[in-house]
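Structural overview for review
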Amino acid sequence: QVRLVESGGGLVQAGGSLRLSCAASGLIFTISNLGWYYQAPGKQRELVATITHGGSTSYADSAKGRFTISRDNTKNTVYLQMNSLKPEDTAVYYCNARGVDLVTRRVGDYWGQGTQVTVSS
C-alpha cells in the first residue's frame, strides 16, 4: 500500500521559513515524479512545485524564487523549502506522487493527508 506522510507544517510569521517533508513508502520512489500542492480555504487545490524522477523541477509563479523542491532517493523523501513566507501562502499543503506501486506494479496518482501552513502578518 502506497503511503505519503507529510510533516513540517506550522505557524510562522510573515517573512519566515518552513521546510515540509513527505516520506513515501510502498512505491518505486526512484522512478516517481513528485509534487507539492496547496489548498487554501474555499479554493481549489493548486500546484506549487514538481520534481521529476530525473531531478528536473518546475514551480508555480507564486513560488518561484521563494520555494525549493528537492528529493532524497536514499530516504524516499521529498522536501519543500519555503522562504519569505507570506500570509497568502496559508493553506493545507499536500504531497503528490505519480509512480508505480511496489506490490501491484500499477501506475497511480497518490496523495498525502496534508499539513497545515499558517503565515501570520
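Look up a bit, the structure's there.
Scope of this entry: the structure provided in the associated data block. (Residues numbered from 1 in each chain as written. Predicted model: local features only at pLDDT ≥ 70, side-chain atom pairs only at ≥ 80, totals over all residues. Heavy atoms only, no water.)

**Notes on the environment of Thr104**
Put simply, the rule reads: Where helices and strands are cited, they refer to DSSP runs of H or I of at least four residues and of E of at least two residues respectively, numbered from the N terminus.
Along the chain, the position of Thr104 falls in the loop between β9 (91-100) and β10 (107-111). Spatially, the C-alpha atom of Thr104 lies 9.8 Å from that of Gly26, the residues being 78 residues apart in sequence.

**So, the pattern of salt bridges**
Under the convention used in this document: What makes a salt bridge here is a side-chain nitrogen of Lys or Arg within 4 Å of a carboxyl oxygen of Asp or Glu, nothing more.
Counted by the stated rule, this structure contains 3 salt bridges. A salt bridge links Asp109 to Arg98; the nearest nitrogen and oxygen atoms lie 3.3 Å apart. Of this pair, Asp109 sits in strand β10 while Arg98 sits in strand β9, and the two are 11 residues apart along the sequence.

**A few points about the state of the cysteines**
Quick reminder of the rule: In what follows, a disulfide is any cysteine sulfur pair within 2.5 Å. Here the term buried applies to any residue with accessible area under 20% of the maximum for its type, exposed to any over 50%, and partly exposed to those in between, with areas from a 1.4 Å probe on protein chains only.
Summed over the entire model, instances satisfying the criterion amount to 1 disulfide. Across the disulfide from Cys22 sits Cys95; the S-S distance is 2.2 Å. Between Cys22 and Cys95 the disulfide shows an S-S torsion of about -80 degrees. By sign, it is left-handed. Residue Cys22 is located in strand β3 (residues 18-25), and its partner Cys95 is located in strand β9; the two are separated by 73 residues in the primary sequence. This pair shows no difference in class: Cys22 is buried, exactly as Cys95 is.

**Considerations on the pairing of strand β5 (residues 46-51)**
On any regular strand, side chains alternate: one points to one face of the sheet, the next to the other face. The test is simple: One requirement defines pairing of two strands: DSSP has to find at least two bridges between them.
By the bridge criterion, 5 bridges tie strand β4 (residues 33-39) to β5 in an arrangement that is antiparallel. The residue of β5 that forms the bridge with Tyr38 is Glu46. Two successive antiparallel strands, β4 and β5, enclose a turn made up of 6 residues, where Gly42 displays a positive phi of approximately 75 degrees. Inspection of the sheet shows β5 paired to strand β6 (residues 57-59) by 3 bridges, in the antiparallel sense. Looking at the pairing, Thr50 lines up with Ser58 of β6. Hairpin remark: β5 followed by β6, antiparallel, with 5 residues in the connecting loop; positive phi at Gly55, about 100 degrees.

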